[in-house]
Amino acid sequence: MSRPDTAAGLDRPLPGGIGLSHLSAYDWEAADGVCGGSPHLHLVCTEAYVVTGGRGAVQTLSPDGYRDTPLEAGSVAWFEPGTVHRMVQGGELRVTVLMQNSGLPEAGDAVFTFPPEYLADPEKYAAAASLPAEPTEAEAAARRRRDLAVEGYLPLREALAAGDAEPLRAFQRAAAALVRPRVPAWRELWRTGALAAAERTGAQLDALEAGAADGYLAASTAHSATPTRHGGLGMCGRREEYGIEGATLPR
């Protein structure tokens, strides 16, 4: 019999210690006439979009240039740490998100492309990035947060399109400085999550090589889970979430 998820989080980690969520991209129009989510980057996590329906695009900024990648059902796109990405709504876009290092993005690994003065002031950044608990106020705050991220993003994109990567590099440096105090806590999440998953594989290989696999094979079982939160206001869109312990900022 399969095991359900627990209230606090998945009772057993997903393969490789990844995180999982489902997104419906925002249809809010931004200052540049584009409908979509809040541009941001991750400092230590690779993120993947698996498109399950609709159409749209993802805009990415990295030191090697600006890209606008079309998304449609069956598309897969992924972004390495340091790559700014912005999900663009083209019509009922729905995406399953696979996130490296489950727990780290929710603990602040994701940084919005707010204007520089926000990145330089942790309290000012946190105030702009956080959403109120009251649902009736949260959507307006999420939209203001998206608009602020787009305000900081557009000059980065314009500079990169003109061949100047320095503003993007400056943003990367500021984002790294902003999250630096969180690294000890992140390291513990990594040790108990993704690293522990890799070490289990190593132990299983050792057992196989020694002819002693019966122990872990006898303990095998199946698991299942359903979302623990519906309609969350994430960075990119409305989010179906699976419980993760230690979350501090919604994506």
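Quick caveat: nothing in here was measured; it's all calculated off a predicted structure.

Cut-offs and rules
Residues numbered from 1 in each chain as written. Predicted model: local features only at pLDDT ≥ 70, side-chain atom pairs only at ≥ 80, totals over all residues. Heavy atoms only, no water. Buried < 20%, exposed > 50% of the residue type's maximum accessible area, 1.4 Å probe, protein only. Helix = DSSP H or I, 4+ residues; strand = E, 2+ residues; numbered from the N terminus. Pairing = 2+ DSSP bridges. Salt bridge = Lys/Arg side-chain N within 4 Å of Asp/Glu carboxyl O. Expected span 1.5 Å × (residues − 1). Arc of directions from axis to C-beta.

A. Representation of the pairing of strand β3 (residues 47-62) in the model. Counted residue by residue, β3 has 12 buried out of 16 residues, so it is predominantly covered. Across 4 bridges, the pairing between β3 and strand β5 (residues 76-79) is antiparallel. Within β5, the position partnered with A48 by the bridge is W78. Alignment of β3 against strand β6 (residues 84-99), held across 13 bridges, turns out to be antiparallel. Bridging across to β6, G53 finds its partner in R94. The sheet contact formed by β3 and strand β4 (residues 65-72) spans 8 bridges and is antiparallel.

B. Region of the structure containing the pattern of salt bridges. Enumeration over the complete set of coordinates arrives at 9 salt bridges. Close ionic contact of R239 with E106 constitutes a salt bridge, the shortest N to O distance being 3.3 Å. Taken as a pair, R239 in strand β9 (residues 237-241) and E106 in the loop between β6 and β7 (110-112) lie far apart in primary sequence, 133 residues in all. Notably, a salt bridge pairs E241 with R239, separated by 3.1 Å at the nearest N-O pair. Across this residue pair, the class does not change: E241 and R239 are buried. Within this structure, D32, R86 and R157 form a network of salt bridges that share partners.

C. Region of interest: helix α4 (residues 166-179). Taking 1.5 Å per residue as the helical rise, α4 with its 14 residues ought to reach 20 Å, and the 20 Å between its terminal C-alpha atoms agrees with that figure. Among the residues of α4, L168, F171, Q172, A175, L178 and V179 are the ones counted as buried. Taken around the axis of α4, the buried residues stretch over an arc of 125°, which confines them to a single face.

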